[in-house]
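Chain by chain, the residues:
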Amino acid sequence: MLQDIERYLACPHCAQALTRHDRSLRCPAGHSFDLAKQGYVSLLAGDAHTGTGDTAEMVAARADFLAAGHYRPIAEALAGAASAVVAGEPGGLVADLGAGTGHYLAHVLDALPGTVGAALDISKFALRRAARAHPRIGAVVCDAWRPLPLRDASAELMLNVFAPRNGPEIRRVLRPGGTLLLVSPTARHLRELVDALGLLSVDEEKQRRIDEKLGPYLEPAGRREVEFTLRLGPQDVRTVVGMGPSAWHTDPDRLGAALAELPEPVEVTASVTVAAYRR
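Residues numbered from 1 in each chain as written. Predicted model: local features only at pLDDT ≥ 70, side-chain atom pairs only at ≥ 80, totals over all residues. Heavy atoms only, no water.

Chemist: Tell me about the sheet that holds strand β9 (residues 174–185), residues and numbers included.
Modeler: Taken together, the 8 strands give an open sheet; going across it, the order is β4-β7-β6-β5-β8-β9-β11-β10, and neighbouring strands pair in mixed fashion. Strands at the two margins of the open sheet, each flanked by one partner only, are β4 (40–42) and β10 (219–232). Averaged over neighbouring strand pairs, the angle between their axes works out to 20 degrees when direction is ignored. In this structure, β10 lies alongside strand β11 (residues 266–278), joined through 12 bridges in antiparallel fashion. Note on β11: the bridge partner recorded for E219 is R278. Packed on one face of the sheet, helix α4 (residues 103–111) meets β5 (93–97), β6 (116–121), β7 (137–141) and β8 (155–161) and runs near 170 degrees to β6. (Pairing = 2+ DSSP bridges. Helix = DSSP H or I, 4+ residues; strand = E, 2+ residues; numbered from the N terminus. Axes fitted to C-alpha atoms, helices over the stretch in contact; angles between N-to-C directions. Contact = heavy atoms within 4.5 Å.)

Chemist: Run through the side chain of T115, naming residues and quoting values.
Modeler: Summarising the element assignment, T115 is placed in the loop between α4 and β6. Ignoring any residue separated from it by four or fewer positions in sequence, one finds T115 in contact with G91, G92, V94, L109 and R136.

Chemist: Provide a residue-level description of α4, including the pertinent values.
Modeler: Considered for burial, the residues of α4 that qualify are H103, Y104, L105, A106, V108 and L109. In this fold, the buried residues of α4 make contact with α2 (56–67), α3 (72–85), β5, β6, β7 and β8. (Buried < 20%, exposed > 50% of the residue type's maximum accessible area, 1.4 Å probe, protein only.)

Chemist: Which residues make up the sheet that holds strand β1 (residues 19–21), and what values do they have?
Modeler: Here we have 3 strands laid out as an open sheet, ordered β1-β2-β3, and antiparallel in their pairing. The sheet is open, and its two edges are formed by β1 and β3 (32–34), each paired on a single side. Each adjacent strand pair in this sheet contributes to an overall mean axis angle of 30 degrees, direction not counted. When β1 meets strand β2 (residues 24–26), the two strands line up antiparallel, connected through 3 bridges. Note that in β2 the partner of R20 across the bridge is L25.

Chemist: Give a description of helix α8 (residues 206–214) that names residues and reports values.
Modeler: The α-helix advances 3.6 residues per turn, and as a result positions three or four apart in sequence lie on the same side. Of all the residues in α8, the buried ones are K206, Q207, I210 and L214. With its buried residues spanning 95 degrees around the axis, α8 presents them on a single face. Its buried side turned inward, α8 meets α6 (167–173), β9, β10 and β11. (Arc of directions from axis to C-beta.)

Chemist: How would you explain the pattern of salt bridges if you had to name every residue and give the values?
Modeler: Within the structure shown, the criterion is met by 13 salt bridges. Note that D211 and R223 form a salt bridge whose closest N and O atoms lie 2.8 Å from each other. Of this pair, D211 sits in helix α8 while R223 sits in strand β10, placing them 12 residues apart in sequence. Using a relative accessible area of 24% as the deciding quantity, one classes D211 as partly exposed. Note on R223: relative accessible area 46%, which makes it partly exposed. (Salt bridge = Lys/Arg side-chain N within 4 Å of Asp/Glu carboxyl O.)

Chemist: Now, about empty space enclosed by the protein: what can you tell me, with residues and values included?
Modeler: Gaps between atoms show up when a probe of the same size as a water molecule is rolled over them. By the definition in use, this model includes 1 cavity of 30 Å³ or more. The space that makes up the largest cavity amounts to roughly 30 Å³. Taken together, L66, G69, H70, Y71, R72, A75, H103 and H107 make up the full set of residues lining the largest cavity. Listed by contribution, the elements that provide at least two residues to the lining of the largest cavity are α3 and α4. For the lining of the largest cavity, the per-class residue count stands at 3 nonpolar, 4 polar and 1 charged. (1 Å grid on protein atoms, 1.4 Å probe; cavity = no way out; pocket = protein on both sides within 12 Å on 5 of 7 lines; lining within 4 Å. Points joined across faces, edges and corners; volume = space filled by probe spheres on them. Nonpolar A, V, L, I, M, F, W, Y, C, P; charged D, E, K, R; others polar.)

Chemist: Give me the packing of α2 against helix α9 (residues 234–242): which residues, what numbers.
Modeler: For the pair α2 and α9, the least separation of the axes is 8 Å and the interaxial angle reads 130 degrees. It follows that α2 is oblique to α9 by the angle criterion. Seen along the crossing, α2 lies across α9 with a hand that is left-handed. Two secondary-structure elements touch here, α2 through M58, A61, D64 and F65 and α9 through D236, T239, V240 and G242. Here the residues of the contact of α2 with α9 sort into 4 nonpolar, 2 polar and 2 charged. (Parallel < 35°, antiparallel > 145°, perpendicular 65-115°, else oblique. Left-handed = near helix turned anticlockwise from the far one by under 90°.)

Chemist: An account of the nonpolar core is needed here, citing residue identities and associated values.
Modeler: As a rule of thumb, nonpolar side chains are buried together in soluble globular proteins. Counting residues in hydrophobic clusters, the biggest one holds 56 residues, and the most contacted among them are Y71, L78, L157, L193, L197, L230 and V237. The dominant element in this core, judged by the number of residues it contributes, is β11, at 6 residues. Filtering out sequence-adjacent residues up to four positions away, V237 remains in contact with L193, L197, L232, L259, L262 and V266. If you look at the next biggest cluster of nonpolar residues, it comprises 35 residues, including V41, L43, L182 and A275. (Core = buried A, V, L, I, M, F, W, Y, C linked by side-chain atoms within 4.5 Å.)

Chemist: Could you give an account of the packing of α3 against α4, with specific residues and numbers?
Modeler: Any two packed helices are characterised by the angle at which their axes cross and by the distance between the axes. Packing of α3 against α4 brings their axes to within 8 Å, and their N-to-C directions diverge by 45 degrees. It follows that α3 is oblique to α4 by the angle criterion. The way α3 lies across α4 gives a crossing that is right-handed. Residue-level contacts link R72, I74, A75, L78, A79, A82 and S83 of α3 to H103, Y104, H107, V108 and A111 of α4.

Below you can see the structure in the form of structure tokens.
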């Protein structure tokens, strides 16, 4: 519900507060943003490029895969970490940068009664789903690499799950003492499919590079690895390929031929790091 997060929003042009006027949000400088009938608002600057956003097909694949519960251990680990870092401080804003369908944000909000969530993503197809993922989610189209349309020090907690990380903006939006919870794949994530299907692989140095890029803005505050085994049928494999970055680089015909060579079901390693960083 956008009304739950309106007080935290800022104009992408001038950073002033936004207020509701019928079916739009406006700032004192006169910038206006219409509310989409699907429940989200676009706070993109006029020259923003949305070509990097997930397509409708990628979003549908992700929604199907997550709804089947394959990544439930990741969602549960993230919700548990969120409960630990905000213990004793109910209320406030949880901002999810690169929220996609809102799946992980919804799990965190269930674990944090009284909080509200801002689902931030550049894909309107994803945010149509995020706007309905939880009664306390407000969905906002924005570019992760530009100033985020949130007010300074407005978020108690920020989430970032398999998504772009803008260190300066994350620091600006977090309140002093606030926490970023970041989920990133390890080099073992989906390794059986990477080898068999020629998918994009994860660099062994990924976590070190994340720490280096966030280092000037946030302090590490602990991490844990979450690793488990998936048992996937052919359609599940197609779905997990189609929902991630490999979807941009995989030829459907070659994928079909490679899938035919896989056992049914195929056992696949899911492996991620859940890391906390504090402002």
